[in-house]
Amino acid sequence: MRKTLTLARAATLAAATALFAAPAAAETWDMPTPYPDGNFHTENIKQFAAEVAEATGGELEITVHPAGSLFKHPEIKNAVRSGQVPAGEFLLSRLSNENPVFGVDSVPFLANSYAAAEKLWMASKPQIDELLAEQNLMPLFSVPWPPQGIYASQPIEAIEDMQGLKFRTYNAATERLAQLAGAVPTQVEVPDIAQAFATGRVEAMITSATTGVNSKAWDFLSHYYDTQAWLPKNIVVVNVDAFEALSHEVKAAVMEAAENAQDRGWEMSKTATTEATQTLADNGITVSDPSEALAASLREIGETMAAEWSDEAGAAGTAILEAYRN
Ligand code: PCA
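Residues numbered from 1 in each chain as written. Predicted model: local features only at pLDDT ≥ 70, side-chain atom pairs only at ≥ 80, totals over all residues. Heavy atoms only, no water.

Turning our eyes to something else, we now look at the site of the ligand. Close contacts around the ligand come from Tyr35, Trp145, Gln148, Arg168, Tyr170, Val190, Thr207, Ser208, Thr211 and Pro232, and that covers them all. In this structure, an oxygen atom belonging to the ligand sits 2.7 Å away from a side-chain N or O atom of Arg168. Between the ligand and Thr207, the relevant distance is 2.7 Å, taken from an oxygen atom to a side-chain nitrogen or oxygen of the residue. Burial of the ligand by the protein chains amounts to 99% of its free accessible area of 260 Å². Among the residues forming the shell around the ligand, the class breakdown is five nonpolar, four polar and one charged. (Near = heavy atom within 4 Å. Polar contact = N/O pair within 3.5 Å; in protein donor to acceptor, adjacent residues only side chain to side chain. Areas by Shrake-Rupley, 256 points an atom, 1.4 Å probe, with all protein chains shown as cover. Nonpolar A, V, L, I, M, F, W, Y, C, P; charged D, E, K, R; others polar.)

Turning our attention to the environment of Thr33. Structurally, Thr33 is set in the loop between strand E1 (27–32) and helix H2 (40–55). Note: C-alpha distance between Thr33 and Leu91 (58 residues apart in sequence) is 9.7 Å. Those residues in contact with Thr33, other than ones at most four positions away along the chain, are Ile45, Val64, His65, Pro66, Ala67, Gly68, Ile76 and Glu89. (Helix = DSSP H or I, 4+ residues; strand = E, 2+ residues; numbered from the N terminus. Contact = heavy atoms within 4.5 Å.)

Within this structure, the stated rule accounts for five aromatic pairs. With a centroid separation of 4.7 Å and 80° between ring planes, the pair formed by Tyr35 and Trp145 is classed as edge-to-face. Of this pair, Tyr35 sits in the loop between E1 and H2 while Trp145 sits in the loop between strand E4 (137–144) and strand E5 (149–152), and the two are 110 residues apart along the sequence. For Tyr35, a relative accessible area of 5% translates into the label buried. Aromatic rings pair up to connect Tyr35, Phe40 and Trp145 into one cluster. (Phe/Tyr/Trp six-rings, centres within 6.5 Å; stacked < 30°, edge-to-face > 60°. Buried < 20%, exposed > 50% of the residue type's maximum accessible area, 1.4 Å probe, protein only.)

What follows concerns the pairing of strand E8 (residues 204–207). Residues of E8 alternate between two faces, with Ala204 and Ile206 on one and Met205 and Thr207 on the opposite face, all of them buried. Bridge count between E5 and E8: four bridges; the pairing is antiparallel. Residue pairing in the sheet places Tyr151 in a bridge with Met205 of E8. Pairing of strand E6 (residues 166–169) with E8 involves two bridges; the strand directions are parallel. (Pairing = 2+ DSSP bridges.)

Membership of the largest hydrophobic core comes to 101 residues, with the highest contact counts inside it found for Phe48, Phe141 and Val254. Here this core takes ten residues from helix H9 (residues 248–282), the largest share from any one element. In this structure, Val254 is in contact with Phe48, Val52, Leu60, Leu140, Phe243 and Leu246, ignoring residues within four places of it in sequence. (Core = buried A, V, L, I, M, F, W, Y, C linked by side-chain atoms within 4.5 Å.)

With that out of the way, let us pick up the confidence of the model for the protein chain. Mean pLDDT over the protein chain: 94, with 93% of residues reaching 70 or higher. Low pLDDT (under 50) marks residues 1–22, which in the prediction has zero contacts with non-local residues, meaning those over four places away or in another chain. (pLDDT = per-residue confidence, 0-100.)

Looking at where Lys233 falls in the secondary structure, it is placed in strand E10 (residues 233–239). Once you skip the residues sitting within four places of it in the chain, Lys233 turns out to touch Phe90, Leu91, Leu92, Asp105, Trp121, Ser142, Val143, Pro144 and Trp266.

As a further point, take the sheet that holds strand E7 (residues 184–187). Whether parallel or antiparallel, the strands of a sheet pair through hydrogen bonds between backbone atoms. The strand order E7-E6-E8-E5-E9-E11 describes an open sheet built from six strands, whose pairing is mixed. Each of the sheet's edge strands pairs with one partner strand only, and the pair in question is E7 and strand E11 (286–288). Recorded for the sheet is a direction-independent mean angle of 25° between the axes of neighbouring strands. Contacts from helix H5 (residues 172–180) reach E6, E7 and E8 within the one sheet, and its direction differs from that of E6 by about 160°. (Axes fitted to C-alpha atoms, helices over the stretch in contact; angles between N-to-C directions.)

Here it is as structure tokens:
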């Protein structure tokens, strides 16, 4: 009798040990992103996912759903906020209608080099982290787009040449810029750019060389002006509850992969700037600097927009600008 009990107990213990020794159930995260395969942001995020899977021995697998295939760009932030998906990517300045602080990276000519963009990110990050935390979101990493330039299907020698053009926009700042230039703004998501130009819904835009290349801009546009107006950023966020549910080890692996992705992403962005600008030229787009007249008018528009931003952002904005300038 005693022997039987002991054996039974031993068997139970062995089963329990096996249970605890087995790796924790693997988890899969669906991660929506707005931009297509082949774009450096998407490549960077896929590498981030691969690093997380590798470092956790497959305990956390992140499936990237690019080009708005799982959630459309305007829905991604709320999908993460509500926990429909644990993580996602979006253009940070898309949230400027919630709070102008989110739009600081799209004020024309405030920070229009990588060095300045990095400084502005550091100056604005504490407030952005706090605002996102109010929505149960935690940023993992943020990566800028290359500097923004103007595309058209005819020469733009002066701001007057933009008068009345149907202008593709992607956030509130590009919409305001279009208005101030006398153009007619229409919001179009990146995966829909080629179609919007092909059907004549839009005829000019401001975006990066990379987005021009990803959209094969040479099929419907002829001129690119390297205005270097600003460097808007994408941000990758995670739902705080989903993150907190991870084990200590998996959390650490995610944070380390995120840090690597941020460093790698900024470098990829810089490299993509040169490569994509060359690709535009190689495919027959006339690539040039803006004329002095156009540059001067754009700077004037930038000053107007900077003043408007300061008014809207109030004390929070002043604090960011002070941190940025010091
Ligand atoms: N590409 C994105 C955002 C900025 C950029 O360079 C777009 O055009 O929507």
